[in-house]
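# A look at the structure
Chain by chain, the residues:
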Amino acid sequence: MKKFLVPVAIAALIFLAACGSSKKESNDSDPTTPDGDAIENPDSGDTAPDTGDTAPDTGDTAPDGGDTAPDGGDTAPDTGDTAPDGGDTAPDLDGETIQDDPGYDPEEITTIEETENCAELNLPDFAGFTNDNISVAEAADTESKELTITISSTEKVCLKLSGSYDGGIKFKNKKDVDVDLILNAVTITSENFPGYLKLNTSNEAFTADYKNNTYTVQLEGDSTITGAANSGSKKVFGCQANLTVVGSGTLTVTAKYKTGIGVDDVMTIKSGVINVNVERPSEMTWTDKAFAMKITNGFVMDNGKLTIKATDNIDGFEARGLKVDGQDCLLTCEMEETCVGGEVCDATNGSTYGQGKGYIIINGGEINVESDAKAITAGWDIEEDFTNSDASDNPTPDLTINGGKITLKTVGTPRDETATKASLSPEGLEAKNKLVINGGEIRVYSTDDAIQAGNHVEIAGGKIIAYASKNDAVDSNGTMLLKGGLLIAMGATAPEGGIDADMSSNVTYEGGIMIGIGGSNNYPQTVNAGSFVMTSLDGSTQGGPGQGGPGQGGPGQGGPGDMGSGAAYAGKTFALTETDGTRAIAAFKLPADFAGGKSLIIMAPSLVKDTVYQLNADTTLTVAEGSELFDDIVLNYDGTISGGTAISVTAGQGINQGPGGPGGPGGGQQP
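All values reported here derive from a predicted model rather than from experimental measurement.

Looking now at the overall build of the protein chain. Scanning the protein chain from N- to C-terminus turns up two helices and 47 strands. Counting contacts in the protein chain only where the partners sit at least 6 residues apart, residues at least 24 apart contribute 65% of the total. Counting every atom, the protein chain has about 25800 Å² of accessible surface; 46% of that belongs to carbon and sulfur.

Turning next to the side chain of Thr 259. Along the chain, Thr 259 turns up in strand E13 (residues 259-263). By relative accessible area, Thr 259 is classed as buried at 9%. When residues no more than four places from it in sequence are discounted, the contact partners of Thr 259 are Lys 234, Lys 235, Val 236, Phe 291, Ala 292 and Lys 294.

On to the sheet that holds strand E47 (residues 645-650), then. With antiparallel pairing, the four strands of this open sheet are ordered in space as E40-E39-E42-E47. At either margin of the open sheet sits one strand with a lone partner, and together these are strand E40 (584-589) and E47. Across the sheet, the mean angle separating the axes of adjacent strands is 20° when strand polarity is ignored. When strand E42 (residues 612-617) meets E47, the two strands line up antiparallel, connected through six bridges. Pairing of Gln 614 across the sheet is with Ser 648, part of E47.

Among the nonpolar cores identified, the biggest contains 95 residues, and Phe 171 and Met 267 are the most heavily contacted of them. If you look at the next biggest cluster of nonpolar residues, it comprises 28 residues, including Ile 465, Ile 488, Ile 513 and Leu 615.

This part covers unusual backbone geometry. Here the bond from Ala 494 into Pro 495 is cis, since omega is 15°, no more than 30 degrees from zero. Looking at where Pro 495 falls in the secondary structure, it is placed in the loop between strand E34 (479-490) and strand E35 (499-500). The phi angle at Asp 610 is positive, at roughly 70°, despite the residue not being glycine. Tracing the chain through its elements places Asp 610 in the loop between strand E41 (599-604) and E42.

Before going further, it helps to spend a moment on the state of the cysteines. Under the criterion given, the structure shown has one disulfide. Here Cys 118 connects covalently by a disulfide to Cys 158, the sulfurs 2.1 Å from one another. For the disulfide bridge between Cys 118 and Cys 158, the dihedral angle about the S-S bond is near -80°, and by the sign convention the bridge is left-handed. With Cys 118 in the segment before strand E1 (119-122) and Cys 158 in strand E4 (residues 157-165), this residue pair connects regions lying 40 residues apart in the sequence.

Looking at where Asp 416 falls in the secondary structure, it is placed in the loop between strand E26 (405-410) and strand E27 (429-431). Residue Asp 416 is classed as exposed on the basis of its relative accessible area, which comes to 66%.

Inspection of the secondary structure assignment puts Ile 295 in strand E16 (residues 291-295). Under the relative-accessibility criterion, Ile 295 is labelled buried at 0%. C-alpha separation for the pair Ile 295 and Gly 238, spaced 57 residues apart in sequence, amounts to 9.7 Å.

Thresholds applied
- Residues numbered from 1 in each chain as written.
- Predicted model: local features only at pLDDT ≥ 70, side-chain atom pairs only at ≥ 80, totals over all residues.
- Heavy atoms only, no water.
- Helix = DSSP H or I, 4+ residues; strand = E, 2+ residues; numbered from the N terminus.
- Contact = heavy atoms within 4.5 Å.
- Areas by Shrake-Rupley, 256 points an atom, 1.4 Å probe, with all protein chains shown as cover.
- Buried < 20%, exposed > 50% of the residue type's maximum accessible area, 1.4 Å probe, protein only.
- Pairing = 2+ DSSP bridges.
- Axes fitted to C-alpha atoms, helices over the stretch in contact; angles between N-to-C directions.
- Core = buried A, V, L, I, M, F, W, Y, C linked by side-chain atoms within 4.5 Å.
- Disulfide = S-S within 2.5 Å.

Limitation: the analysis is restricted to geometry and does not speak to function.
Given below as structure tokens:
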């Protein structure tokens, strides 16, 4: 197996212009109002903008619409500036504001509102516990030991657990009864018996339909739940209802059999730290894949920190990170340890847990995943549909990222299904339907597609590094809309690419700074802002795509030419400038171990169609001290490029820049 290559230095991106200068003038009569001077130096006493100034005002507290250089005292960006303002609270990236997300904020702690009447159970002393609404009983034999906590109340209950238990713990409660559960430095583990914590499980006296129930789990101190390798339990930490996690503590869940955390409805993390590990012994050959987390209806991350490590490397049954499957009836039944159709499945409508779910929403917090197989997936597929004729109950497997800090790494080697092994697609971020990124800091290092969607990819904000060593960096099997933020997409050699939407007519560009590198790239045929340039890292013309000629079945679209490998340019810096310029419009530095393709596309709002620009290869990038960095991407930059070689590139030319690839299906002679 070839070792996965992780980039150390990724890219740099900058937008700036030369600062203006003028002679000093010190005879202003009114330093608190705008001056009509056509030329003057900064006025340190001004508190309002100078409409006629052509140089910055260091004392301004409001933006200057006419400035052509940055204002050191501004607290908001200047709409007319073409260079960043040192005092701005948001960078001026050619008109693009790149969101800086705080990610996990340990000071923003969500807690259970009322705990005064919370019952307290010290697990080693469970035999002496008494409560009118809660009973505790233990069952033990030579193969298992289980503590059952039964809640008989018809109203909301609060219970605080502490201490340790050598075995499994199961909660039972009535339908429509919510439970607040505080884990105060709890340890659930066993060398001899299955260790687990299961919430909201069914029993004979209660109804099994818990779709309206919510368990709120508050973390205090450090708690651990460890499942044994000989466990018959599929879930180490399971909830047959909605699960909300709050608090300032830490929970570590370790799965040695199948699933670390399994939730049958929606899981929400509002605060706290959760670590999930899959540690199956490598000599074991289970017939099912392992999951660090498997959720039925939805996953929401608001704050807190989630770390997943699922790299047990069992050949043929590689572990996955986080998967949300949707609430299709067959999938729901498969997730139940004991599935009787009438409990969770309806012959007409499918799952009794609801309709139209199966989503992932990340609003904030910090997520780190390292996995053999897929890292984060909204994964329900139409092929898994319940056998009814009504599609209205089908899940909507969408993945939306509004903020936070996300770092993903997959290490498995992609493969097709064989007689002895299941297929393996170690993708980073995947949505079977739509994948939308509105903000956040996202780094994906994958072997298969780094970012992939079944129907639509939309990038509207955020800062994104997508690096796929063996496949596409950003791949949509339908449409792609690029309209904001910053994207560095680095894919493998042909036929894989940096930006792939099957055909260029599927790509729309409306803004943001987008850089694609790979064996090929689709270019936007619909451009509503700025423009793009296409070339290769070595300065040769872009191969294809050319229109296939007429033939049987009609004309076919020619494929992209093979641009070869970019490995020879690993670790080198490239910059796009105006002709004979030294100020970069966009610049990036390839990883030192980069081995992908060398086809290059750069989209930026400042580019003008049919205008000639200059691509500088193997150049030197001088970055000013104190520049704001996202890895090696520069967001607030003042510096220059120098040295290297340069070629001319023309914006807006996406076709016929080189010999076309082979004709598509039904295609004839290529041009």
